[in-house]
Amino acid sequence: MAGSGGTASYDLEIGGMTCASCAARVEKRLNRIDGVAASVNYATEKAHVEVADGIAVEDLISEVVRTGYSAALPREEEAVGTDPAYRRLRRRLVIAAVLAIPVIALAMFEQLQFPGWQWASLVLATPVVTWAAWPFHRAAVLNARHRAVTMDTLISVGVTAAFLWSIYALFFGTAGMWGMTHPFRFTIERGDGLGSIYLEVAAGVTMFLLLGRFLEQRSKRRAGAALRALGELGAKDVSVLRDGREERMPLDRLAVGDVFVVRPGEKIATDGVVAEGVSAVDASMLTGEPVPVEVRAGDGVTGATVNVGGRLLVTATRIGADTQLARMARLVEEAQSGKAEAQRLADRLSSVFVPIVFAISALTLVAWLLVGGGAAAAFTAAVAVLIIACPCALGLATPMALLVGTGRGAQLGVLIKGPEVLESTRRVDTIVLDKTGTVTTGRMTLLDIVPAEGEDPVEVLRLAAAVEDASEHPIAQAVVRAATERIGELPAVHDFQNVRGRGVTGIVDSHAVVAGRPSFLADWALELDADLASAFDSAEDDARTAIAVAWDGRVRGVLVVADQIKPTSAAAIGALRSLGLRPVLLTGDNERAARRTAESIGIEQVRAGVLPEGKVEEVISLQGQGRVVAMVGDGVNDAAALARADLGIAMGTGTDAAIEASDLTLVRGDLWGAVDSIRLARRTLATIRGNLFWALAYNVAAIPLAALGLLNPMLAGAAMAFSSVFVVLNSLRLRRFRSAAPVR
């Protein structure tokens, strides 16, 4: 796809990679091209490539092919059971197991060794070593042509050496004698080299490695299920209103500005604004929030959410790649294709690891021969070193955890932009919360009606809402919403006038209605009595907004509106404290009103009277005190502060500018999303560290054991295969991550 500033980016599917060394080779080869920056992910089997102008995607594909692998632009992913490569791997594994298990049993249990058993083992092992192990041999030969060695080279050389040694011993040594028995030992001992066969090693290692690769492939596809599920959430077709009639059409024919119909139980086709109707929308598949949200005319809705109430007419505002669902999928995929710094170090280790292992294997062979250990012992130890040393677990450690963690986050409405974000969440100790739209709803609500003595509060609301209905001001709309819900249809207004920032006037049911600030009413010779003036001042002291309402020459009441605190904010802030974060409230309110809001939600530190352009300075000030700062916001005026913070967290209900500037995006509109995002990021980072520790500790501990002759090659093959499986299974535990938000 196109980029900016004379650059473009592509995602390529890479075929033929069998280990982390393969990924490192492809990445290194692509990065040799001038103007190319590539990152190859072994877990996702994809390359993300940034290129300068003048470099075509065909050039990139050709370079990968010259390296010995295949490359193509992404295609629609196939299900696990229908993937031809997956089926071929499963078939090889089944046949290898059927043939290899008898070979292993005959070698391990002397009681089963009938006369001629070794020749039967040769017959059974030959198809395993040649046909079943062919992917390893083919990759090794292909890499050799390109003067490279990879994990497949280790496997192919080890299996082939064990097989050829066995054939030589059978035909030219004493191993082929009729009636010969061959006891199995877990450790190496001195013996006649030509009296020993290693067919169980050749067949068993092949079977275990195929099993490991099969489980790895299956688990990798399970790990990517969340991302695939995102792509499958959207509707496939839509009913569009054309000239008053509904026309059913494929979704790709929908255009911005089209009005489409959503019936109860249907998915909303794309992002839009409700034009007509009242309903509840289930957004749990995008946000993880189980409670449907009420929507009505003027409210925004998101594509792929489900209409569970009444019939809606929706005006499309975003389509295709611009929708929230598409952006979510894009963010998740970009995060999964990235690499943490620890993984880049692991990749560098993997790229030089294989040559080092060959050197250690050769030294092991020579050392055993020099100390008089015998050819059989020397050969067995050298082969065990080759087989045990696979760096696959090292290559899978980070990408598998990222794959599962970011996928699970997407299911919970938490989008992590990249692996480097994980390090930031570990270090953060202060979280700055913008008040409006983050701690509060960002939507004005009518809280109270104070009527003058003898006045009906319903009538005060009805006439005030009727005149305010012609205004677009958020305060006016709060009054209108409340009146519509409580009263229903409002009377018409005539001779409407709006004095910006002061109030409105109009004729409603033959009454001359005036609504606004007391100074505006004073222009019409209207004064508030003592009780109403007191109610007005009290509302202002509590950081609320009051509107005086008058008609026919007398002030009839006061309406109090305010931006309400979200019901989840206080509990979520307590949870943030339990994670070791110090909350700071950022608001443009005066000090007294800000303190009152902060106290109600359990925040001690407040930055009041902050203008939009001053938010960056507040973040810098906290950083200057040695704090590592996370910032949560949702507006355009939060974008710069989000970018400046050590960790930017944007509410997905906010603006595009805020989302683009952030490191984490919360699809849910409350602070529990921030709690979950930090918990999930920390859990994912801990899993990555655990994986890397296991992979490194495994290789560091296992190679000396193999070199000292304490590890049978067949057991080494099984242990190596299951080290990769362990890393994958450990990463899959992240799928069990649950939101900390209480179930409502």
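In every chain, residue numbers begin from 1 and rise along the written sequence. Totals for whole chains, interfaces and linings use all residues, but because this is a predicted model, local features are given only for residues with pLDDT of at least 70 and pairs of side-chain atoms are given and counted only at 80 or more. The side-chain values count all of the structure's non-hydrogen atoms but skip hydrogen atoms and water molecules.

Going by what an unreviewed UniProt entry lists, the chain is known as Cation-transporting P-type ATPase B and is assigned to Microbacterium hydrocarbonoxydans. UniProt positions are given in the numbering used here, feature names are shortened, and annotations may be inferred rather than shown by experiment. UniProt lists a comment for the chain under the heading Catalytic activity (unreviewed entry), and it reads "ATP + H2O = ADP + phosphate + H(+)". Taken verbatim from the UniProt record of the chain, the Sequence similarities (unreviewed entry) comment is "Belongs to the cation transport ATPase (P-type) (TC 3.A.3) family. Type IB subfamily."

Some thoughts on the environment of Leu313
The way it works is that DSSP assigns letters per residue, a run of H or I at least four long becomes a helix, a run of E at least two long becomes a strand, and they are numbered from the N terminus. Counting through the fold element by element, Leu313 comes out in strand 13 (residues 312–316). Sequence separation of Leu313 and Leu241 is 72 residues, and the distance between their C-alpha atoms is 8.8 Å. Among residues more than four places away in sequence, those in contact with Leu313 are Leu241, Val259, Phe260, Val261, Val273, Val274, Ala275 and Glu276. Note on definitions: a residue-residue contact is assigned when non-hydrogen atoms from the two residues lie within 4.5 Å.

A closer look at the sheet that holds strand 9 (residues 279–282)
If you walk across this open sheet you meet the 3 strands as 10-9-12, and the pairing is antiparallel. Edge positions in the sheet fall to strand 10 (293–295) and strand 12 (306–307), since each of these pairs with one other strand and no more. When DSSP finds at least two bridges between two strands, those strands are taken to pair. Pairing analysis gives 3 bridges linking strand 9 to strand 10, with the strands arranged antiparallel. Along strand 10, the bridge assignment pairs Ser279 with Val295.

Observations regarding the side chain of Ser361
Structurally, Ser361 can be placed in helix 11 (residues 341–370). Only protein chains enter the calculation, and the probe is 1.4 Å; a residue is then buried if its accessible area is under 20% of its type maximum, exposed if over 50%, and partly exposed in between. Of the residues examined, Ser361 reaches a relative accessible area of 6% and is grouped as buried. Polar side-chain contacts of Ser361 include one of 2.9 Å to the backbone oxygen of Ala382. Not counting residues up to four positions away in its chain, the partners in contact with Ser361 are Ala382, Val385 and Leu386. Under the rule applied, a polar contact is a pair of N or O atoms within 3.5 Å (in protein, one hydrogen donor and one hydrogen acceptor; residues adjacent in sequence only if both atoms are side-chain atoms).

Overview of the packing of helix 4 (residues 117–132) against helix 5 (residues 134–145)
With axes taken as lines fitted to C-alpha atoms, and helix axes fitted only over the stretch in contact, angles between N-to-C directions fall between 0 and 180 degrees. Contact geometry of helix 4 with helix 5 gives a least axis separation of 5 Å together with a crossing angle of 45 degrees. With respect to each other, helix 4 and helix 5 are oriented oblique. For the pair helix 4 and helix 5, the contacting residues are Val129, Thr130, Trp131 and Ala132 in the first and Trp134, Pro135 and His137 in the second. Gly is placed with the polar residues, together with every amino acid not listed as nonpolar (Ala, Val, Leu, Ile, Met, Phe, Trp, Tyr, Cys and Pro) or charged (Asp, Glu, Lys and Arg). Residue classes in the contact of helix 4 with helix 5 are distributed as 5 nonpolar, 2 polar and no charged. We call two directions roughly parallel when the angle between them is under 35 degrees, roughly antiparallel when it is over 145, roughly perpendicular when it lies between 65 and 115, and oblique otherwise.

Topic: the side chain of His48
Mapping His48 onto the fold places it in strand 3 (residues 46–52). Looking at His48, the relative accessible area reads 18%, which means it is buried. A distance of 2.8 Å separates a polar atom in the side chain of His48 from a polar atom in the side chain of Asp11.

Quick word on the UniProt feature "transmembrane region" (unreviewed entry) in the chain
Per the UniProt entry, the sites bearing "transmembrane region" (unreviewed entry) are residues 93–110, 116–134, 154–177, 197–215, 352–371, 377–404, 692–711 and 717–734 in this numbering. Between the end C-alpha atoms of residues 352–371 the distance is 29 Å, and the span holds 95% helix and 0% strand. Split by type, residues 692–711 is 80% helix and 0% strand. Its first and last C-alpha atoms lie 23 Å apart.

Quick word on the pattern of salt bridges
The salt bridge criterion pairs a side-chain nitrogen of Lys or Arg with a carboxyl oxygen of Asp or Glu, the two atoms within 4 Å. Taken as a whole, this structure holds 15 salt bridges when the rule is applied. Here Glu246 makes a salt bridge to Arg263, at a shortest N to O gap of 2.7 Å. Here Glu246, found in strand 6 (residues 245–250), pairs with Arg263, found in the loop between strand 7 (259–262) and strand 8 (272–276); they are 17 residues apart in sequence, far enough to count as distant. Here Glu246 falls in the partly exposed class, since its relative accessible area comes to 33%. Overall, the relative accessible area of 33% leaves Arg263 in the partly exposed class. Between Arg556 and Glu455 there is a salt bridge; the shortest N-O distance is 2.9 Å. With Arg556 in strand 21 (residues 554–565) and Glu455 in the loop between strand 16 (440–451) and helix 16 (457–468), the pair connects residues that are 101 residues apart, well separated along the chain.

Side note on the nonpolar core
Ile431, Leu433 and Leu671 are the most contacted members of the largest nonpolar core, which totals 49 residues. At 9 residues, helix 25 (residues 672–707) tops the list of elements feeding residues into this core. Residues from two domains meet in this core; each of domain 2 (85–225 + 334–401 + 687–734) and domain 4 (419–439 + 566–662) gives at least three. Apart from the residues lying within four places of it in its own chain, the contact partners of Ile431 are Leu576, Leu581, Arg582, Pro583, Val584, Ala630, Val632 and Ile678. Judged by nonpolar contacts, the second largest core, of 41 residues, contains Ala100, Ile155, Ala169 and Ile197. Joining through side-chain atoms within 4.5 Å is the link that ties buried Ala, Val, Leu, Ile, Met, Phe, Trp, Tyr and Cys residues into a set, and such a set is a nonpolar core. Each domain's limits were defined by an automated method or a database of domain assignments.

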